[in-house]
Amino acid sequence: MTLSVDYHPDDILSRIIQKTGISPNCFLPKTIMWISKEKVSVRKGYNGKVIQLI
């Protein structure tokens, strides 16, 4: 699964925001997260370094 924010949250995050009332301003622009059974990785910013969290 991929979750991303370009200038606005992607469709998945937008639906979560609408259902939970979380502010869209909580999400940093140009951020992406890759989630799989094996690992979770994130990148902050357009050319940011990819960091593996798990």
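This is a predicted model, so every value here is computed, not measured. (Residues numbered from 1 in each chain as written. Predicted model: local features only at pLDDT ≥ 70, side-chain atom pairs only at ≥ 80, totals over all residues. Heavy atoms only, no water.)

Draft legend 1. Broad picture of the overall build of the protein. Secondary structure assignment for the protein yields one helix and four strands. Secondary structure of the protein in N-to-C order comes out as β-α-β-β-β. Seen through its principal axes, the protein has C-alpha atoms that stretch 30 × 25 × 15 Å. Counting over 54 residues, the protein shows a buried share of 20%. Of all intrachain contacts in the protein linking residues separated by at least 6 positions in sequence, the fraction that spans at least 24 positions is 23%. (Helix = DSSP H or I, 4+ residues; strand = E, 2+ residues; numbered from the N terminus. Buried < 20%, exposed > 50% of the residue type's maximum accessible area, 1.4 Å probe, protein only. Contact = heavy atoms within 4.5 Å.)

Draft legend 2. Spotlight on the side chain of Ser41. Among the secondary structure elements, Ser41 is positioned in strand S3 (residues 40–44). Residue classification places Ser41 among the buried residues on the basis of a relative accessible area of 7%. Those residues in contact with Ser41, other than ones at most four positions away along the chain, are Ile32, Met33, Trp34, Val50, Ile51, Gln52 and Leu53.

Draft legend 3. Main features of helix H1 (residues 11–20). Where H1 begins, the side chain of Asp10 points an oxygen toward the backbone nitrogen of Ile12, at a separation of 3.3 Å. Positive phi shows up at Gly21, right after H1, with a value of about 85 degrees. (Polar contact = N/O pair within 3.5 Å; in protein donor to acceptor, adjacent residues only side chain to side chain.)

Draft legend 4. Here's a closer look at the pairing of S3. Bridge analysis of strand S2 (residues 31–35) against S3 gives five bridges, and the strand direction is antiparallel. Within S3, the residue paired with Ile35 across the bridge is Val40. Between S2 and the antiparallel strand that follows it, S3, lie four residues. Two elements, S3 and strand S4 (residues 50–52), share three bridges in a ladder whose sense is antiparallel. What sits directly across from Val42, in S4, is Ile51. The turn joining S3 and S4, which pair antiparallel and follow one another in sequence, is formed by five residues; a positive phi near 90 degrees is taken by Gly45. (Pairing = 2+ DSSP bridges.)

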